[in-house]
Amino acid sequence: MWALRRASLPSLRKRGFNLRVSCVNLTPTTCVENGAGISDSPKKINGYGGFSSLNRCYHSGNGSLKFTIGRRELSSEAGAKDEDDDDLEEGFSELETPAGEESEKLLGSDTELSEESDESDIEEPHDELELPLSHDGDVISTEKKLSRRKAESELFKAIMEAPGLTIHKALEKWVEDGKEMSREEISLAMVNLRKRKMFGRALQLSEWVESKKHLEFVEKDYASQLDLIAKLHGLYKAEVYIQSIPESFRGEIIYRTLLANCVIQNNLKKGEEIFNKMKDLEFPLTAFACNQLLILYKRNDRKKIADVLLLMEHENVKPSPLTFKILIDAKGQSNDIAGMEQIADKMKAEGIELDIQTNAILVGHYITAGLVDKAKTILKEMEGENLKENRWVCRILLTLYANLGMADDVERVWKVCETHPWIEECLSVIEAWGKLKKIDEAEAVFETMSKRWKLSSKNCSVLLKVYANHNMLVKGKDLVKRMADNGCRIGPLTWDALVKLYVQAGEVEKADSILQKAVQQSQMKPLFSSFIVILEQYAKRGDIHNSEKIFYRMKQAGYASRIRQYQVLIEAYINAKVPAYGIRDRLKADNIYPNRTLAHMLTQVDGFRKSPVSDLLD
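Calculation rules
- Residues numbered from 1 in each chain as written.
- Predicted model: local features only at pLDDT ≥ 70, side-chain atom pairs only at ≥ 80, totals over all residues.
- Heavy atoms only, no water.
- Helix = DSSP H or I, 4+ residues; strand = E, 2+ residues; numbered from the N terminus.
- Expected span 1.5 Å × (residues − 1).
- Buried < 20%, exposed > 50% of the residue type's maximum accessible area, 1.4 Å probe, protein only.
- Polar contact = N/O pair within 3.5 Å; in protein donor to acceptor, adjacent residues only side chain to side chain.
- Contact = heavy atoms within 4.5 Å.
- Patch = residues over 30% accessible without salt bridge, like charges linked within 9 Å, V, L, I, M, F, W, Y side chains within 5 Å.
- Areas by Shrake-Rupley, 256 points an atom, 1.4 Å probe, with all protein chains shown as cover.
- Salt bridge = Lys/Arg side-chain N within 4 Å of Asp/Glu carboxyl O.
- Lys, Arg positive; Asp, Glu negative; His and termini not counted.
- Charge placed at Lys NZ, Arg CZ, Asp CG, Glu CD.

S.K.: Help me out: how do you make sense of helix H12 (residues 268-280) in this one?
M.R.: Residues spaced three or four apart along an α-helix face the same direction, because each turn holds 3.6 residues. When the terminal C-alpha atoms of H12 are compared, their 18 Å separation across 13 residues agrees well with the 18 Å that a helix rising 1.5 Å per residue should span. Among all positions of H12, only Leu-268, Lys-270, Gly-271, Glu-272, Ile-274, Phe-275, Asn-276, Met-278 and Lys-279 are buried. One side-chain oxygen of the residue at the start of H12 lies 3.0 Å from the amide nitrogen of Lys-270, identifying that residue as Asn-267. Glu-282 sits one or two positions beyond H12 and adopts a positive phi of about 65°.

S.K.: Just checking my understanding: could you explain the environment of Leu-498 for this structure?
M.R.: Secondary-structure assignment places Leu-498 in helix H25 (residues 492-504). What Leu-498 contacts, discounting residues up to four positions off in sequence, is Val-480 and Ile-514.

S.K.: I would appreciate a short explanation of the environment of Leu-398 in the present structure.
M.R.: Along the chain, Leu-398 falls in helix H19 (residues 394-403). If sequence neighbours within four positions are ignored, Leu-398 has contacts with Val-410, Val-413, Trp-414, Glu-425, Ser-428, Val-429 and Ala-432.

S.K.: What am I meant to see in unusual backbone geometry here?
M.R.: Residues apart from glycine generally show negative phi values, whereas peptide bonds are mostly found in trans. Although it is not a glycine, Lys-213 adopts a positive phi angle of roughly 55°. If you trace the backbone, Lys-213 turns up in the loop between helix H8 (199-211) and helix H9 (219-233). By relative accessible area, which is 68% here, Lys-213 ends up exposed. Backbone geometry at Lys-577 places phi at a positive 60°, although glycine is not the residue there. The topology assignment puts Lys-577 in the loop between helix H29 (563-576) and helix H30 (583-589). We classify Lys-577 as exposed; its relative accessible area is 72%.

S.K.: What am I meant to see in a negative patch on the surface here?
M.R.: Together, Asp-408, Glu-411, Glu-418, Asp-440 and Glu-441 line one region of the surface with negative charge. With three residues, the single largest contributor to the negative patch is helix H20 (residues 407-418). In this fold, Glu-411 is placed in helix H20.

So this is what it looks like as structure tokens:
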């Protein structure tokens, strides 16, 4: 069936893996994920032979993974990773690398938070399960999505007008006035709150509806509330909440919601734990669950990807289009362009279309690898014969042409949009002109956009990033003042741009102060990049005290410790020329096993390391 079987089994047996086949009667997955979500009708992907070559890159090393096929169990707790693969810098995930950042956005990562948007500025949200969900969890059809995009929720308006942080009085008044509290009205209000990432108010609405028994909760309602708790209060609180859910409603959707949030928060250890919990509860193994692990391993330990593929083969789980996309991106991040192309070719051979997302991922990695001609070839294919008919591709083309430094093509594509631009195209071209150092053009588009749409934090943050990247502190400050004058809500995107503005200007302490005050004044979570850019600057100075402070604050904010954070932290100790006592114990406590780069850094800060000179003196 899959040629991966023949390639993988001998090497796994040598590493002592227990290949006991499960006797559990597994139900094949009945849905296939695609770029827009999950389709109800499965598309079979037979013959996975093209992936046999992946095992050479993705094998697990020497027993680094406790793996029992019969129990569908995955764990990171045994053995250190093989340190011979320099090209697999696990810690430098897509959150820190430009090419990876673009590809992760295309794969639906929740790496950025929108703060405030005009009604016309909002795309239909997809939850972390890759399903466009209503409050009751039903999949919304394309037609229904379009109608809901235009629909107005009176309940949502009442919630938005509620003063202060609580919405309970507004909800009680709604009922007292005799207004309808139907599932449809609640669902529409919840959709609008989630669109704006207003998870705090969404959770209040869900909890109030449950406590007042305005709806009889079903499993998908509990899953929706679980998702909001995980976003706002973390995975621990979410697990505690599960225990309060009636046992009859603790089904697969509950645990896959939690698993998806493990991926969002990049918590590999907890993700594996939840995956194994789903196995213990005898839920059918699905492509969705396996894809979540693949994303985690792509970010943290690519050598374990082969084990997930082998598990899928033995449990007869068909790879979905998303599976292919993840593997393409993983190969690209490992600088294995030939392997990336092989997966793309296999995808085509299986009759799966390389959609805009997949092509954009390929282009991003070709650009990083310096293969400009190959990138241009795909870009022309993406454009098609008539760009006006393929208008929806423009915003992605603007970004990719800018990454190639092709200003003429950015201008050519923008002319297609310029007469009647969509807001996402405006934001893309502002970013593109910024990359090309054409600040005047970026500002001109911003002013045009501001006249057509309400000034919002999301829109301003794009131009703020342009100013930050070009060390234009004065212009950045002026824009922030303009935002305040226009009543824009200042949130994570704005904080991130301000932090980078001050860091680029050499005012690291000011950037640190801004971020700390922002966190104290708001319940919103800063972006990962806001912390890491400050941490890097303190580390360069050898400022251990402030580096440790930022490292701790990242944990407080809910960002699981990763190799990348430890590398930057240890750099502070190296530059300060002092040992980092207990650092190995800290790594072990966070379930992090050093790659080759980190292992070398650890030897430099080992306080008990002996040199030839110290041996002589002893």
